[in-house]
Amino acid sequence: MELREAEVKLTPSVLDIDFSETQKRICRFIKEYVENAGAEGIVLGLSGGVDSGTIAALSSLAVAGKNVLGLMLPEEENFNQKDIDDAKVVIEKFKLESSICDMSAVMECFYKAIPLFDPNDRLCKGNIKARTRMIYLYYYANKLNKIVCGSSDKSETMMGYFTKWGDAAADITPIMDLYKTQVRNLAIHLGIPEELAFKPSTPALWPAQMAETELGIKYETLDLILYGLERFMTPEEIANQLSINKSIVAEVKARWLANEHKRKMPIAPKIGFRTVGNDFRLPRHIY
Amino acid sequence: MKDKIKLALAQISSKREDKEANLQKIEKLTYKAKEQEADLAIFPELCLSGYVVRDQFYELAETIPGPTVEKVEALAKETGMHIIFGMPELSEKTQATVFNTAVFIGPRGLIGKYRKMYLPTHSIFEEKRYFRPGYQTATFQTDLGNIGLCICYDLFFPEVLRLVRLKGAQLIVCISASPAVRRSYFETLACARALENTAYLAYVNLAGVQDGLQFWGGSRLVSPNGDVLAKAKYDEEDFVECEVDYSELRTAETFIPTLRDLRPELFDKLKEYSERL
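Residues numbered from 1 in each chain as written. Chains lettered and ligands numbered in written order. Predicted model: local features only at pLDDT ≥ 70, side-chain atom pairs only at ≥ 80, totals over all residues.

1. Describing the overall build of chain B
Then step 1. Helix and strand content of chain B: eight helices and 14 strands.
Then step 2. For chain B, the C-alpha atoms occupy an extent of roughly 50 × 50 × 35 Å along the three principal directions.
Then step 3. A buried classification covers 49% of the 277 residues belonging to chain B.
Then step 4. A sequence separation of at least 24 residues applies to 70% of the contacts in chain B between residues at least 6 apart. (Helix = DSSP H or I, 4+ residues; strand = E, 2+ residues; numbered from the N terminus. Buried ≥ 20, exposed ≤ 12 C-beta atoms within 10 Å, placed from the backbone. Contact = placed C-beta atoms within 7 Å.)

2. Focus on the interface of chain A and chain B
Then step 1. Across the boundary between the two partners, chain A contributes eight residues, which contact 13 residues of chain B.
Then step 2. Partitioned by chemical class, the residues of the side of chain A that touches chain B number three nonpolar, no polar and five charged. (Nonpolar A, V, L, I, M, F, W, Y, C, P; charged D, E, K, R; others polar.)

3. Quick notes on the nonpolar core
Then step 1. If you look at the biggest cluster of nonpolar residues, it comprises 84 residues, and the most contacted ones within it are Ala41, Ile42, Phe43, Ile84, Ile172 and Ala202 of chain B.
Then step 2. With 65 residues, the next largest nonpolar core counts Leu69, Met176, Leu178 and Ile225 of chain A among its residues. (Core = buried A, V, L, I, M, F, W, Y, C linked by C-beta atoms within 7 Å.)

4. Observations regarding unusual backbone geometry
Then step 1. Note that the residue after Ile64 of chain B, namely Pro65 of chain B, is joined by a cis bond; omega there is 0 degrees.
Then step 2. On the secondary structure map, Pro65 of chain B appears in the loop between α2 (57-60) and α3 (67-79).
Then step 3. The phi dihedral of Lys95 of chain A is positive, around 55 degrees, even though this residue is not glycine.
Then step 4. Positionally, Lys95 of chain A belongs in the loop between α3 (81-93) and β3 (97-100).
Then step 5. On the neighbour-count criterion, Lys95 of chain A (11 C-beta atoms within 10 Å) is exposed.
Then step 6. Positioned with a positive phi, Trp165 of chain A is a non-glycine residue whose angle comes to about 60 degrees.
Then step 7. With respect to the helices and strands, Trp165 of chain A occurs in the loop between α6 (154-159) and α7 (180-189).

5. As for α3 of chain A
Residue and element names in this part refer to chain A.
Then step 1. Compared with an ideal rise of 1.5 Å per residue, which puts 13 residues at 18 Å, α3 spans 18 Å between its outermost C-alpha atoms and is within 8% of the ideal.
Then step 2. Every buried residue of α3 is accounted for by Asp83, Asp86, Ala87, Val90 and Ile91. Buried residues in α3, looked at end-on, bunch into an arc of 150 degrees, giving them a common side. In α3, those exposed residues whose orientation departs by more than 90 degrees from the buried face are Gln81, Lys82, Asp85 and Glu92. (Expected span 1.5 Å × (residues − 1). Arc of directions from axis to C-beta.)

Laid out in structure tokens, this is it:
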């Protein structure tokens, strides 16, 4: 007798969620966190993309736009007026406070001051940008008694497609449990213009960098693969259901596994009675 | 024994690791329940300590009787109320053996306690890491009728509530700390457990957010025929009064005679096959 249950059906509808309920739940989460932390609002980076636009909208709905500061952080190499304009659409629609900080001078200092700096290594150079953005956000948060709201989604988090201690550094990450395609639809639900909600994603570490090109896969397919892996499906089952080559799924799974180090505290050798990041399990208090 | 009793479903959020603040909330709402002429005030699972406190359970746990239970006994005596609430219980016989316990206190003192039998340890739950499971179901004969206790995940195991019912419970109280992603399961199970046992079921859940975990509230009283008689708000703190009318039990038991139709020989089979799974 075949005891095994029928496989999960990997159709796009498996990613359908109740957006009203999701919005409510995320807004409650943000509001409670800010209140319990005794913070005076939120600071977040506004790139002009869908992820940051969505967390800006949710933050505004949770704690009111006047308590949300959106920082636009352009720098010379990547400057794109369209991104600034798109960020302004969100600022206006959700009545956010905002500021533009040109990071160009800071970037130049880093490039000159790092003895090993290699201008041709665009990944290492790009990561400095992501980490510099983080420094700006945390400076404003410290200075204004706000918390930093991160914009990582589940697709990039599970693929490790982010800069360690850069764009993933935040106090809260309200959309980290939503895949990119879900974020796009949540953005529409929140009233973000379609053009912005479906704008191709970029980490903006170097000019013309495109997420889907780098990942080598469309988010619509990637999200279904990640969904299958999340539910313990084997790569064979996923590949069969999506009618794609098994090597594509295997590659995604390899990245999914290899990047756990980016999603965790740094690892320490077990020496003491209770070890941070291992078996030291304290409740997360919010100060 | 009364034919009818009034319940106060006190759906609170807990301040983690702050037993004093949570106890004050229990006191305040017990007085409110008294003012509204309730007989029994019910508070959620682990509401004394908070649910997501991890290693701090060892510090927060207390013996029963112990300091908190003595304070709640004084409260019950002063108000004439019956009170059920959840707390981490430290064994009197060892230094660090902790139970997830429901405490039942009446105007004359401690009526009894129930140690959670089914400790969820999957998904975001890590209860077996901290708690020892209980080994006894709990049904108490009280001035308010025969009242049985269970806690949260126990609701997934019909045998716990069936046993409580077979020991005479007319009202089963389930205290809970259930996160929002599991709401639909509990809404279904609360009705099913009441109906299959033809007993009243009072379900009282936590509200609020702890470590990103959102408790969905939705506390309710379910009748012996599975109807939701009263329901608290989702997600937020709430306080709902409702009435248990024991005379309904007879009607329910004749119309839905599940207890008459029990087949004891199947329980032997359950044991046999569950051991072989």
